[in-house]
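Breakdown of the fold
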Amino acid sequence: MNDAVTLNATARVRQLIDLTTRLTARLTEESRIFESHRPQDAAAALAGTQELANAYRRESAQVKASPALIAAAPVADRTALIRATQAFEAVLSRHARTVEAARTVSEGLVRTIAAEVTGQRGNPSAYGASGKAQAGDGRAVAFNRQA
């Protein structure tokens, strides 16, 4: 292979390693935040995480579609990419569990609050003893099952 192909493949692999490592670090930090029961602290970095995740998705899809893009890179670099990807996948699994746990807790809190509000309102009755419609409680509670 010529030097230009090798240089391009090496540069792409190293770029992927850097991207994967940065995304792994970001997800590790977010997992730590969720595990500390402070999901609001992750909100500030959410856009940056999404941007990194989108870049990772695009780059990895290109390599998957055309493995020749990195085939000429040195074995050591390709091995480092494999290791970085394995670390990323482990952190991604942990992150998914912590986000799911935070979502479950949040939904439980919303359900509890909605039940409490409903309980405080009492049972609605459409008509009073006089046969006239009773004025209802004008407050509304909405519950959306998506977090």
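Quantities reported herein were computed from a predicted structural model and do not represent experimental measurements.

A word on the overall build of the chain
When you go through the chain residue by residue, the secondary structure sums to 4 helices and 0 strands. Tracing the chain from N to C terminus, the helices and strands come up as α-α-α-α. The buried share of the chain, reckoned over its 147 residues, is 24%. Residue pairs at least 24 apart in sequence account for 73% of intrachain contacts in the chain once pairs closer than 6 positions are excluded. In the form shown here, the chain has an accessible surface area of approximately 10300 Å², with 57% of it arising from carbon and sulfur atoms.

Topic: the pattern of salt bridges
According to the stated counting rule, one finds 9 salt bridges in the structure shown. Residue D77 is joined to R14 by a salt bridge in which the shortest nitrogen-to-oxygen separation is 3.2 Å. On the criterion of sequence distance, the pair formed by D77 in helix 4 (residues 75-121) and R14 in helix 1 (residues 3-35) is long-range, its members being 63 residues apart. Relative accessible area serves as the criterion here: at 12%, D77 is assigned to the buried category. R38 is the salt-bridge partner of D41, the closest N and O atoms lying 2.4 Å from each other. Here R38 falls in the partly exposed class, since its relative accessible area comes to 31%. Salt bridges here are not isolated pairs; linked through shared partners, they connect E100, R103, E107 and R111.

Looking at the environment of R83
Within the fold, R83 resides in helix 4. Residues R83 and I17, 66 residues apart in the sequence, show an inter-C-alpha distance of 9.0 Å.

Comments concerning the nonpolar core
A9, V13, L16, I17, V63, I70, A72, A73 and L81 together form the largest nonpolar core, which totals 9 residues. By residue number, the principal contributor to this core is helix 1, which donates 4 residues. Within the second largest apolar cluster, 8 residues are counted, among which are A55, Y56, F88 and V91.

So, unusual backbone geometry
Phi angles above zero are rare outside glycine, and H37 is one such case at about 60°. Relative to the helices and strands, H37 resides in the loop between helix 1 and helix 2 (46-65).

Some remarks on the packing of helix 1 against helix 2
One can describe the packing of helix 1 onto helix 2 by two numbers: an axis separation of 10 Å at closest approach and a directional angle of 145°. By crossing handedness, the relation of helix 1 to helix 2 is classed as left-handed. Here R12, L16, L19, T20, R22, L23, R26, L27 and E30 of helix 1 come into contact with helix 2, specifically with G48, T49, L52, A53, A55, Y56, E59, S60, Q62 and V63. Grouping the amino acids of the contact of helix 1 with helix 2 by side-chain chemistry returns 9 nonpolar, 5 polar and 5 charged.

About the criteria used
Throughout this document, residue positions are counted from 1 along each chain, in the order its sequence is written. In view of the model being predicted, local features appear only for residues whose pLDDT reaches at least 70, and side-chain atom pairs are presented and counted only at 80 or more, with totals across whole chains, interfaces and linings using the full set of residues. Only heavy atoms go into the side-chain values, all of them from the structure, while hydrogens and water stay out. A run of H or I in DSSP counts as a helix once it spans at least four residues, and a run of E counts as a strand once it spans at least two, with each numbered from the N terminus. Three labels apply to residues, based on accessible area from a 1.4 Å probe with only protein chains included: buried if under 20% of the type maximum, exposed if over 50%, partly exposed otherwise in between. Here, residues are in contact when the closest pair of their heavy atoms is within 4.5 Å. Using a 1.4 Å probe, accessible areas were evaluated by the Shrake-Rupley method; residue-level cover was limited to the displayed protein chains. Salt bridge criterion: a side-chain nitrogen from Lys or Arg within 4 Å of a carboxyl oxygen from Asp or Glu. Side-chain atoms within 4.5 Å link the members of a nonpolar core, which is a set of buried Ala, Val, Leu, Ile, Met, Phe, Trp, Tyr and Cys residues. In this analysis, axes come from line fits to C-alpha atoms, helices being fitted only over the stretch in contact, and the angle between any two N-to-C directions falls in the range 0 to 180 degrees. Should the near helix be turned anticlockwise from the far one by less than a right angle, the crossing is termed left-handed; should it be turned clockwise, right-handed. Each residue receives one of three labels: charged for Asp, Glu, Lys and Arg, nonpolar for Ala, Val, Leu, Ile, Met, Phe, Trp, Tyr, Cys and Pro, and polar for the others, Gly being one of them.

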